[in-house]
Amino acid sequence: MAKLTEISKANTTRKDTNSWGMSILFVTLAVIAIAVLVIQLDTFETVAYPMHELGKPMVVAATNNAANLPSLEKIGSGELIGPEDIAYDPKSGYVYTGCDEGWIKRVKLNDSAVDTVVENWVNTGGRPLGISIADSGDVFVADAFKGLLKVSVDGELEVLAVEAEGMKLGFPDGVVVAKNGMVYFTDGSYKHGYYDSMPNLMEGRPDGRFLSYDPLTKQTQVIARDLYFANGVELSPNQDFVIYCESFM
């Protein structure tokens, strides 16, 4: 009788082991099937970088600053979280910067960093990155989620552009305003957004754009396309040309 009991227990153990094994096999196959499906549906397509461009001699920045900026003071510590770009308005004396929590902060500089006043000026509800001030005092913002924005002197927020040539702005990044009112800005990638910088880098495809916005016609035009993460943008001193940079190059 004891032998029959032992045989029964052994059979039960084998059944339990087989059941666990089948379960593990089923889960493994299910995970593989889902992974294959995701890979087939995903548009992630890597491409080789243009080595003929990357192979050119690069400018190496100096490791030491001879000036050392002995009078450097840190402002807005604890109040300016993740400041991206800055713009100074000489007429009002304010410094504007976009922060991580969506605020465009307005900073009033005084004689000492201790006396500096940081104001939560306007919240875009997105992630303000590039900032530029027009002669009128209006502040133009490239917001990673909201598009190209304008904030009036009175703090009124206006969305200027969310797409160009039928394609949505995926990652508005840098912006600059010319004296004639023309706004130039970059779209880092029309495919990958703010939280997809690493996939954008890994994929290595030139899906950035350099654009302009005409406040008179309210039209957005693509000036250059197929850029490797179009980022910062700046006008020349004489405003006869515009410079933009590609971060992944």
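Placed above this text is the structure.
Bear in mind that the values here come from a model prediction, so they are computed numbers and not experimental data. (Residues numbered from 1 in each chain as written. Predicted model: local features only at pLDDT ≥ 70, side-chain atom pairs only at ≥ 80, totals over all residues. Heavy atoms only, no water.)

Colleague: Requested: an account of the sheet that holds strand S8 (residues 157-161), with residues and values cited.
Modeller: What holds strands together in a sheet is hydrogen bonding between their backbones, with the strands either parallel or antiparallel. Ordered by their spatial adjacency, 4 strands build an open sheet running S5-S6-S7-S8, and the pairing between neighbours is antiparallel. Taken across any chain shown, the strands that pair with only one partner, and hence form the sheet edges, are strand S5 (128-133) and S8. Neighbour to neighbour, the strand axes of the sheet diverge by 25° on average, direction disregarded. Where S5 lies against strand S6 (residues 139-143), 5 bridges are found, and the strand directions are antiparallel. By the bridge assignment for S6, Pro128 is matched with Asp143. (Pairing = 2+ DSSP bridges. Helix = DSSP H or I, 4+ residues; strand = E, 2+ residues; numbered from the N terminus. Axes fitted to C-alpha atoms, helices over the stretch in contact; angles between N-to-C directions.)

Colleague: Talk me through the environment of Asp143; I want residue IDs and the actual numbers.
Modeller: Looking at where Asp143 falls in the secondary structure, it is placed in strand S6. For Asp143, a relative accessible area of 0% translates into the label buried. For the pair formed by Asp143 and Asp187, sequence separation is 44 residues and the distance between their alpha carbons is 10.0 Å. Beyond its immediate stretch of four places on either side in the chain, Asp143 contacts Thr124, Gly126, Arg127, Pro128, Leu129, Leu149 and Pro172. In this structure the side chain of Asp143 is engaged in a polar contact, spanning 3.0 Å, whose partner is the backbone nitrogen of Lys146. (Buried < 20%, exposed > 50% of the residue type's maximum accessible area, 1.4 Å probe, protein only. Contact = heavy atoms within 4.5 Å. Polar contact = N/O pair within 3.5 Å; in protein donor to acceptor, adjacent residues only side chain to side chain.)

Colleague: So, the nonpolar core: which residues are in play, and what are the values?
Modeller: In this structure, Phe140, Leu148, Val175, Val183, Phe185, Leu211 and Tyr213 are the most contacted members of the largest nonpolar core, which totals 15 residues. At the level of secondary structure, the elements contributing two or more residues to this core comprise S6, S8, strand S11 (172-177), strand S12 (183-187) and strand S13 (208-214). Not counting residues up to four positions away in its chain, the partners in contact with Phe185 are Leu148, Leu169, Gly174, Val175, Arg209, Phe210, Leu211, Ser212, Tyr213 and Thr220. Ranked by size, the runner-up nonpolar core spans 11 residues in total, among them Val122, Ile131, Ile133 and Leu149. (Core = buried A, V, L, I, M, F, W, Y, C linked by side-chain atoms within 4.5 Å.)

Colleague: Give a description of the packing of aromatic side chains that names residues and reports values.
Modeller: Per the stated rule, a full pass over the model turns up 9 aromatic pairs. Arranged with centres 5.5 Å apart and planes meeting at 75°, the rings of Phe145 and Tyr194 form a pair that is edge-to-face. Residue Phe145 is located in the loop between S6 and strand S7 (147-151), and its partner Tyr194 is located in the loop between S12 and helix H3 (197-203); the two are separated by 49 residues in the primary sequence. Overall, Phe145 belongs to the partly exposed group, its relative accessible area being 40%. Tyr194 gets classed as partly exposed once you look at its relative accessible area, which sits at 23%. For the ring pair Tyr194 and Tyr195, a centre distance of 5.2 Å and an interplane angle of 75° mean the geometry is edge-to-face. Each member of the aromatic cluster is reached from another via a ring pair, and the members are Phe145, Phe171, Tyr194, Tyr195 and Phe229. Of note, Lys108 hangs over the ring of Tyr94, and the distance from its end group to the ring centre comes to 5.0 Å. (Phe/Tyr/Trp six-rings, centres within 6.5 Å; stacked < 30°, edge-to-face > 60°. Lys NZ or Arg CZ within 6 Å of the ring centre and 35° of its normal.)

Colleague: Now, about the side chain of Thr186: what can you tell me, with residues and values included?
Modeller: Following the sequence through the fold, Thr186 ends up in strand S12. Taking the relative accessible area as the measure of exposure, Thr186 reaches 0% and is therefore buried. Within the structure, the side chain of Thr186 is placed 2.6 Å from the backbone oxygen of Asn231, a separation counted as a polar contact. When residues no more than four places from it in sequence are discounted, the contact partners of Thr186 are Phe171, Pro172, Asp173, Gly174, Arg209, Phe210, Leu211, Ala230, Asn231, Gly232, Val233 and Tyr244.

Colleague: Provide a residue-level description of the pattern of salt bridges, including the pertinent values.
Modeller: The final tally for this structure, using the stated rule, is 6 salt bridges. Here Lys150 makes a salt bridge to Glu158, at a shortest N to O gap of 3.8 Å. (Salt bridge = Lys/Arg side-chain N within 4 Å of Asp/Glu carboxyl O.)

Colleague: Which residues make up the sheet that holds strand S4 (residues 117-123), and what are the values?
Modeller: Within the open sheet, the 4 strands sit side by side as S1-S2-S3-S4. Their pairing is antiparallel. The outermost strands of the open sheet, each flanked by one partner alone, are strand S1 (86-89) and S4. Pairwise comparison of adjacent strand axes, ignoring direction, gives a mean angle of 25° for this sheet. Here 5 bridges tie strand S2 (residues 94-98) to strand S3 (residues 103-108), and the two strands are oriented antiparallel to one another. Looking across to S3, one finds that Tyr94 is bridged to Lys108.

Nothing here speaks to function; it is geometry throughout.
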